[in-house]
Amino acid sequence: MNLPYAEPFRIKMVEEIYQSTRAEREQWLKEANYNLFNLKSSQVFIDLLTDSGTGAMSDRQWGALMTGDESYAGSRSFEQLQNSVEKITGFKYLLPTHQGRAAENVLFSVLVKEGDVVPGNSHFDTTKGHIEFRKAHAIDCTIDEAFDINNLHPFKGNINLEKLEAVYKSHPKESIPFCLITITCNSSGGQPVSLENMKAVKALSDQYGIPVFFDSARFAENAYFIKKREQGQENRSIKEICKEIFSYGDGMTMSSKKDGLVNIGGFIALNNEEIFRKASNFTIIYEGFITYGGMAGRDMAALAVGLDEATEFAYLESRISQVEYLGNKLIEYGIPVQKPIGGHAVFIDSLNFLPNVSREEYPAQTLGLEIYKEAGIRTVEIGTLLADRDPETRQNRYPKLELVRLAIPRRTYTNNHMDYIAAAIKNVYERREEIAKGYKITWEPEILRHFTVQLEKA
Ligand code: F0G
């Protein structure tokens, strides 16, 4: 008999979670103004709001944490982190920051100015925010296949080279500070970019004299997909693949809360000394001295180990196969999800799931609320609430896809939890015809409304 798959770890510490009743959840939702961000974590049984900073650290990481050096300058933990980053990425300069968006803030303060354009593959919200805040524009050059949830393209995060070249041809070199490759591409469903595509983007960008940077929050998951899906890569180690990935870039920003396997932190890594020097000044103003940049020494020590663990195949296999396990269960139940299943999350297509709820009544939000009511599972809306209003007309912007994201924290839940989640969603799916009414907004802020918006039943 073939032995079944089993996780390459055992559990040393557990945290109790409370399983509430439906009546309690109905009441809490009302008190939360039907916004899942307003729930207390104690009101949530399984929390799939995000995979960011919500994972479990290993015994090696907790051990490293106790050895943290809290010196203001030149701490030993910084050295450990620098060695780890250089070993994995090949970049020699490192600036720690308190999280990913802080790395964006520091780097873009050096490189992005008013009127610039930054091409890339569906920039993440905070990245786009930091570009637009500087009165520059993010241009999405993702391949068209990414927007068809049933297209099985293995690398739906790829950049379309013609779209990219069109940007390079239609703007002066001085107004294109860099091309940004997000690995994996969160906004298109945790979808990877192939090595071949990165290499081609780098070659094209070199031709036009444009640097290439990576938004690397989930780079190790991207490397796993390269090993599994790209021809000729199957016998290479994840660390070898990572080295090649970063050889196609001039630098990176990182949210360590994902593939750093820690609860807080970020960094910039690069090879260009001049950019490093300029970015060092912004790090000091915004984050802290350049050898801690907003992180405690102990957190840098844990991150140095986390980066090493996240780039091991056995870990990645357990992580990504769990996400796939949930995705496949949902597919088996006939639930419309983004395919292939991404690295960190499963995305449900709510327009197909709830065809009776009009777009004006926020179908993805409605579905997220139904899933919470059903079983205490918290998800996040990636739809019209997130897309916000057009700044000029103040009309709702309706995105192509109206999604509910089930983001799976790393090393946190078991496959029994996945079965529970899938069953809960199946139950909602079976009564989908009865769900005809969505929600309406009673209050919203000027920008980034999804975090604080208040709703009532329509
Ligand atoms: N880049 C990507 C691709 C991200 O997914 C995130 C965060 C960031 C940058 C910003 O990093 O949170 O450390 O400041 N994504 C989280 C999510 C919030 O839920 O997808 P941060």
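Residues numbered from 1 in each chain as written. Predicted model: local features only at pLDDT ≥ 70, side-chain atom pairs only at ≥ 80, totals over all residues. Heavy atoms only, no water.

1. Topic: the overall build of the chain
Reasoning step 1: What the chain contains, in helices and strands, is 16 helices and 14 strands.
Reasoning step 2: Its C-alpha radius of gyration of 22 Å places the chain within 12% of the 23 Å reference for a compact globule of 458 residues.
Reasoning step 3: Seen along its three principal axes, the alpha-carbon backbone of the chain occupies a region of about 60 × 55 × 45 Å.
Reasoning step 4: Counting across all 458 residues of the chain, residues that qualify as buried make up 56%.
Reasoning step 5: In the chain, once contacts between residues fewer than 6 apart in sequence are set aside, the share between residues at least 24 apart is 72%.
Reasoning step 6: Carbon together with sulfur atoms contributes 51% to the accessible area of the chain, which is approximately 19,800 Å² in total.
Reasoning step 7: Counting 53 positive and 62 negative side-chain charges, the chain places the averaged centre of each group 1 Å from the other. (Helix = DSSP H or I, 4+ residues; strand = E, 2+ residues; numbered from the N terminus. Rg over C-alpha atoms; globule rule 2.2 N^0.38 Å. Buried < 20%, exposed > 50% of the residue type's maximum accessible area, 1.4 Å probe, protein only. Contact = heavy atoms within 4.5 Å. Areas by Shrake-Rupley, 256 points an atom, 1.4 Å probe, with all protein chains shown as cover. Lys, Arg positive; Asp, Glu negative; His and termini not counted. Charge placed at Lys NZ, Arg CZ, Asp CG, Glu CD.)

2. Points about the UniProt feature "modified residue: N6-(pyridoxal phosphate)lysine" (unreviewed entry) in the chain
Reasoning step 1: Here the UniProt-annotated "modified residue: N6-(pyridoxal phosphate)lysine" (unreviewed entry) positions come out as K258.
Reasoning step 2: By the element assignment, K258 lies in the loop between β7 (251-255) and β8 (266-270).
Reasoning step 3: Here K258 is in contact with D51, S52, A217, R218 and R410, once residues within four sequence places are set aside. (UniProt positions renumbered as here; feature names shortened; annotations may be inferred.)

3. Notes on the environment of A103
Reasoning step 1: As for its position among the elements, A103 is in helix α4 (residues 100-111).
Reasoning step 2: Taking the C-alpha atoms as reference, A103 lies 37 Å from I331; in sequence the two are 228 residues apart.

4. Some details on the sheet that holds strand β12 (residues 403-407)
Reasoning step 1: An order of β9-β12-β11 is seen for the three strands of this open sheet, with the pairing classed as antiparallel. On the outer flanks of this sheet lie β9 (345-349) and β11 (380-382), each paired with one strand and no other. Within this sheet the neighbouring strands show an average axis-to-axis angle of 30°, counted without direction.
Reasoning step 2: By the bridge criterion, five bridges tie β9 to β12 in an arrangement that is antiparallel. Bridged to V346 within β12 is L406.
Reasoning step 3: Against the sheet, helix α12 (residues 313-332) contacts β9 and β12, and its axis sits at roughly 25° relative to β9. (Pairing = 2+ DSSP bridges. Axes fitted to C-alpha atoms, helices over the stretch in contact; angles between N-to-C directions.)

5. Points about the packing of α12 against helix α16 (residues 415-430)
Reasoning step 1: Two numbers describe how α12 lies on α16: the axes approach to 9 Å, and their chain directions differ by 25°. By the angle between their directions, the pair α12 and α16 is classed as roughly parallel. Where α12 crosses over α16, the two elements pack in a sense that is right-handed. From α12, Q322, Y325, L326, K329 and L330 reach across to α16, where they touch N415, M418, D419, I421, A422 and I425.
Reasoning step 2: When grouped by side-chain class, the residues that make up the contact of α12 with α16 number seven nonpolar, two polar and two charged. (Parallel < 35°, antiparallel > 145°, perpendicular 65-115°, else oblique. Left-handed = near helix turned anticlockwise from the far one by under 90°. Nonpolar A, V, L, I, M, F, W, Y, C, P; charged D, E, K, R; others polar.)

6. Some details on the domain arrangement of the chain
Often, the extent of an interface is quoted as the loss of accessible area upon association of its parts.
Reasoning step 1: What the domain assignment reports for the chain is domain 1 (22-51 + 313-457) and domain 2 (59-311).
Reasoning step 2: Placing the centre of domain 1 and that of domain 2 at their C-alpha centroids yields a distance of 27 Å.
Reasoning step 3: Across the boundary between the two partners, domain 1 contributes 23 residues, which contact 33 residues of domain 2.
Reasoning step 4: Across the contact surface, domain 1 and domain 2 share six salt bridges.
Reasoning step 5: A salt bridge links E309 to R411, with the nearest nitrogen and oxygen atoms 3.0 Å apart.
Reasoning step 6: Our count for the contact surface shared by domain 1 and domain 2 stands at 17 residue pairs in polar contact (both at pLDDT 80 or more).
Reasoning step 7: Broken down by secondary-structure element, the contributors of at least two residues to the side of domain 1 that touches domain 2 are α12 and β9.
Reasoning step 8: In terms of residue count, α12 provides more of the side of domain 1 that touches domain 2 than any other element does, six residues in total. (Domains from an automatic or database assignment. Salt bridge = Lys/Arg side-chain N within 4 Å of Asp/Glu carboxyl O. Polar contact = N/O pair within 3.5 Å; in protein donor to acceptor, adjacent residues only side chain to side chain.)

7. Description of the pattern of salt bridges
Reasoning step 1: Tallied over the entire structure, the rule returns 36 salt bridges.
Reasoning step 2: The salt bridge involving E165 is made with K169; its shortest N-O contact spans 4.0 Å. Highlighted residues: E165 and K169, both in helix α6 (residues 161-170), separated by four residues, approximately one helical turn.
Reasoning step 3: For E165, a relative accessible area of 23% puts it in the partly exposed group.

8. Description of helix α3 (residues 76-89)
Reasoning step 1: In this model, α3 (14 residues) spans 20 Å end to end at C-alpha, consistent with the 20 Å of a helix rising 1.5 Å per residue.
Reasoning step 2: Packed against the buried residues of α3 are β2 (93-97), α8 (219-229), α9 (238-247), β7, β8 and α11 (297-310).
Reasoning step 3: Regarding α3, its N-cap is S75, as a side-chain oxygen of that residue lies 3.2 Å from the backbone nitrogen of S77 further along.
Reasoning step 4: Among the residues trailing α3, G90 stands out with phi positive, at a value near 85°. (Expected span 1.5 Å × (residues − 1).)

9. A few points about the site of the ligand
Reasoning step 1: Around the ligand sit 16 residues, and of these T50, R101, D215, S255 and K258 come closest.
Reasoning step 2: Between T50 and the ligand, the recorded distance is 2.7 Å, taken from a side-chain N or O atom to an oxygen atom.
Reasoning step 3: Q99 has a polar side-chain atom sitting 2.8 Å from an oxygen atom of the ligand.
Reasoning step 4: Against a free-state accessible area of 470 Å², the protein chains account for coverage of 93% of the ligand.
Reasoning step 5: It is α4 that contributes the most residues to the shell around the ligand, three residues altogether. (Near = heavy atom within 4 Å.)

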